[in-house]
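Commentary on secondary and tertiary structure
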Amino acid sequence: MRLRSLPLLVLALVLAVASLTDAQPKDTLTIALPSHAPTLDPHMHFERVGVLVNINMFDSLLHRSPKLEYEPGLATSWKALNDTTWEFKLRRGVKFHNGEPLTAEDVKYSFDRVTEPGKEKKKSPQYGNIRAIKEVRIVDPDTIHIVTDKPFPLLLERLVYFCIVPKKHIEKVGDDAFGASAPVGTGPWKFVEWKRDQYIRLEAFDGYWRGKPPFKYLVVRAIPEVATQIAEIKTGGVDLIRSVSADILPELKAHPQTYVSSAPILRVHQVEFDMRVPPFDKKLVRQAANYAIDKQTLIQKIMGGLGTQVATVVQPPAFGFDPEVKPYPYDPKKAKELLAQAGYPNGVDVTLHSAEIAVRPQFEAIAQMLTEVGIRVNARVWDPGPAWNKFFQADGKATNGAYFTWGNYSVFDADAVLHPVYHSEVGGWIGKHYTRVEGLDKLIDEGRSTLNRDARKRTYAQIQRMIREEAPSIFLFTQYDTLAISKRVEYAARGDEWLWLFDARPKR
Amino acid sequence: MTAFVVRRLIRLLVVVIGVTLVTFAILHASGDPVALIMPEAPEADRAALRQALGLHDPLAVQFARFVGRALTGDFGASFFHRVPAFGLVMERMPTTLLLTALSMTLALAIALPVGVYSAVRRGRAVDQLATGTVFLGQSMPVFWTGIMLILLFSVQWRMLPVSGWSSWASVVLPTATLSTFTAPLLLRIVRSSMLDVIGLDYVRTARAKGVSEWVVIGRHALKNAALPLVTVTGLQFGLLLGGAVITETVFAIPGVGRLIVGAIRQLDFPVVQAGVFLLAMIVVTVNFAIDLLYVYLNPQIRVR
């Protein structure tokens, strides 16, 4: 019996294969991300994979051009009235996907939804980004004022990704349905269907104020495995994949159906020291570690040349970057001397951790370079979950240091890296546990407490000279974002790691 | 018979409780989910969330609460998705079960005829080929097999889709991948138990009666040779579910395994607990069914 049905099975398979069409319809743009965010509600998650979808469905008050300059979004103009009050003029004639017009009420509602004035517990994980906003005031139907509790120089940066949502609609369907099955924005594509862990299907919004997007459909597939993503783009199953690593670049560059586009981004690599305990409580040891690393070789050999050496953690495209501060040169001899001076003529043993599987090759190379000058590294790589426990919950338990990359949440400002990474008080992130540099907290606070750009630049120049000398980290490099794109689509990688697919065009 | 069933049921219960306890302990030893839910928030906000999620209670209290709720089918809400974990798992369960069942069927469809044939034609070309393939199949990790099949059938020959779960065509490669994991072992079992049986007296007697060779094999020998196969099939079912975790990731299939892997990364305790619990229930149930089937097939056990 079983044997008799076998030919039938084979026949069925052949038929299934024959009926298969793997070529994409011309008007559909399909991209692959490793996963989907838990919700399509732009305010209720903080995951990059979610942001990349949300920006194509929603608009913010400000937008960023491919050259990374501010552009009008839902606000047509803006200015600071004083140190704590900003005025925004709203664009007229903008419609939500459900046909309702955008009003100042919607804008105020969007902010209140995240800041929840008067509430003790906030439900949005993005609250921290805009916690400085005290009040949003409607002045007239086209004008709003945003009032901050103290001068907040990062406001405009934060408003580039702060999606405006429809008040009436959300009040009608509720928060949960809005995020799961009924998201409505003002952006280029509107929601059609979401099959969790499979795909999100969006359709061009005819009434979009910028005009109709070139692709009628946008499909966002969730494909966790990199090798699978690569096979998909080679066979035309998807048109765009992100974060292509250096080892497969040549293959995708040479492939007849794909090309590669990359752009330098903010993501900065560093090994942050636990300065509370030996040996990295000593400045000389920290400097020795910086001299021990051959950054240029790492960039060439491991990252395919797609990296830029940096002098500190402040990235060249960020506001406040000071080109006068130069990177540590590679000088292993000097590293050994400094180590001896610090009281470790026979070297010292340390344990370093990393929670980022993607940088494992870099991490292991660095561990080897440090070991060669006498800082003998036991390098350990963790899954993110246990790692967080290891580094941040274990207060008082020394860990020596950790390899981190930081992408500033795409905020092009020195504060967005200095505060989370080095500030040692509440609100600080890693710095709270690791960094102990006298006077640094005060300078970081100073940099974020005025809107005066020149004064801020001076403060950040001072900070960069200070941390270059004090070396709270091994300063490494910034990386590139690298996309592989199907030749039937024209698009270029952006310096803010966004996939702003309104700019993607079909190629003839 | 009743005593037998009761004994088995008690053993089931012990296994399920054990799995739950181990999952719970490992998860809670692995880190603080709140740090992952709100990485940039000040400690006060995090403490509030920990309070809300009940993570500040002693572990024993948390476990008691978890078991109490689990008995009513309530595994708590996913920390990240903010919907009941049970629903998230059940939504994906049919996909995983379908993948597993198809793979098991395919594995059996290969193992039975080939295993019998190579036992009967022991030492001949087919047998040698089959034995060689068994070694090959068993030494290939599922992950690698999956990628290789994609490279050949999708990238090179363009016959099948790379990944996804949208058409029957997309089911072929994952099923084949998972079968290469199980088929070799089953084939070996079939072959060796068949070899044991065809040397026995009753088979020789059947032959002596003049019964045709394939009837001897199919009707007389196979029945007895199938007993170990049944046992191993039950055990393999659990392994297949485990293999499905990897296969689902490689082929981007929306199944329970992939959900659990993602949840482990994020320390989404309720989802991991619900997923592991339900998978354990399935494995245990299948093995229970196999035990019963075994009794039916082998009356000797009933006597014991």
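Here is a short report on the structure shown in this document. (Residues numbered from 1 in each chain as written. Chains lettered and ligands numbered in written order. Predicted model: local features only at pLDDT ≥ 70, side-chain atom pairs only at ≥ 80, totals over all residues.)

1. Details of the overall build of chain B
Quick reminder of the rule: Labels follow the DSSP assignment, with helices taken as runs of H or I lasting at least four residues and strands as runs of E lasting at least two, numbered in each case from the N terminus. A pair of residues counts as a contact when their C-beta atoms, built from backbone coordinates, are within 7 Å of each other.
A tally of regular secondary structure across chain B gives 13 helices and zero strands. Ordering the α and β elements of chain B from the N terminus gives α-α-α-α-α-α-α-α-α-α-α-α-α. Over its C-alpha atoms, taken along the principal directions, chain B stretches across nearly 85 × 55 × 30 Å. The long-range fraction of contacts in chain B, counting pairs at least 24 apart against all pairs at least 6 apart in sequence, stands at 73%.

2. A closer look at the pairing of strand 8 (residues 189-195) of chain A
Residue and element names in this part refer to chain A. Keep this limit in mind: DSSP-based pairing: two strands are paired if at least 2 bridges between them are found.
The pairing of strand 8 with strand 9 (residues 199-204) spans six bridges and is antiparallel. Along strand 9, the bridge assignment pairs Lys-190 with Glu-203. Connecting strand 8 to the antiparallel partner strand 9 that follows it, the hairpin turn spans three residues, and Asp-197 within it adopts a positive phi of roughly 65°.

3. Details of the nonpolar core
What counts here: When buried Ala, Val, Leu, Ile, Met, Phe, Trp, Tyr and Cys residues are joined through C-beta atoms within 7 Å, the set is termed a nonpolar core. Labels follow a simple rule on C-beta atoms placed from the backbone: if 20 or more others lie within 10 Å of a residue's own, it is buried; if 12 or fewer, it is exposed; otherwise it is partly exposed.
Grouped together as the largest cluster of nonpolar side chains are 141 residues, with contacts concentrated most on Ala-111, Leu-186, Leu-187 and Val-190 of chain B. Contacts of Leu-186 of chain B, omitting those with residues within four sequence positions, involve Ala-107, Leu-108, Ala-111, Leu-229, Val-232, Thr-233 and Gln-236 of chain B.

4. A short note on the packing of helix 7 (residues 226-235) of chain A against helix 7 (residues 142-156) of chain B
The test is simple: Angles shown run from 0 to 180 degrees and are taken between the N-to-C directions of axes, each axis being a line fitted to C-alpha atoms and, for helices, limited to the stretch in contact. Each angle gets one of four labels, with under 35 degrees taken as roughly parallel, over 145 as roughly antiparallel, 65 to 115 as roughly perpendicular, and the rest as oblique. In this classification, Asp, Glu, Lys and Arg are treated as charged, Ala, Val, Leu, Ile, Met, Phe, Trp, Tyr, Cys and Pro as nonpolar, and every other residue, Gly included, as polar.
Where helix 7 of chain A meets helix 7 of chain B, the closest approach of the two axes is 11 Å, and the angle between their N-to-C directions is 5°. Classified by the angle their axes make, helix 7 of chain A and helix 7 of chain B are roughly parallel. Taking contact as the criterion, the partners of Ala-227, Thr-228, Ala-231, Lys-234 and Thr-235 of chain A in helix 7 of chain A are, on helix 7 of chain B, Ile-147, Ile-150, Leu-151, Ser-154 and Val-155 of chain B. Considering only residue class, the contact of helix 7 of chain A with helix 7 of chain B consists of six nonpolar, three polar and one charged.

5. Structural notes on the pairing of strand 5 (residues 85-90) of chain A
All names here are of chain A. Burial of strand 5 is one-sided: the residues Trp-86, Phe-88 and Leu-90 facing one way are buried, the residues Thr-85, Glu-87 and Lys-89 facing the other way are not. Inspection of the sheet shows strand 4 (residues 75-82) paired to strand 5 by six bridges, in the antiparallel sense. Among the inter-strand pairings, Ala-80 is bridged to a residue of strand 5, identified as Trp-86. Counting the residues in the hairpin turn of strand 4 and strand 5 gives two residues. Bridge count between strand 5 and strand 7 (residues 143-148): five bridges; the pairing is antiparallel. When the sheet's bridge partners are listed, Lys-89 is paired in strand 7 with Thr-143.

6. Considering unusual backbone geometry
Residue and element names in this part refer to chain A. The omega torsion across Pro-278 and Pro-279 is 0°, close enough to zero to call that bond cis. The residue Pro-279 is located in the loop between strand 12 (258-273) and helix 9 (283-291) in this model. Despite not being glycine, Leu-68 has its phi angle at roughly 70°, a positive value. In this structure, Leu-68 sits in the loop between strand 2 (62-64) and strand 3 (70-72). The backbone of Ser-243 sits at a positive phi, close to 50°, despite the residue not being glycine. Note that Ser-243 resides in the loop between strand 11 (240-241) and helix 8 (249-254). On the basis of neighbour counts, which here come to 16 C-beta atoms within 10 Å, the residue Ser-243 falls in the partly exposed class.

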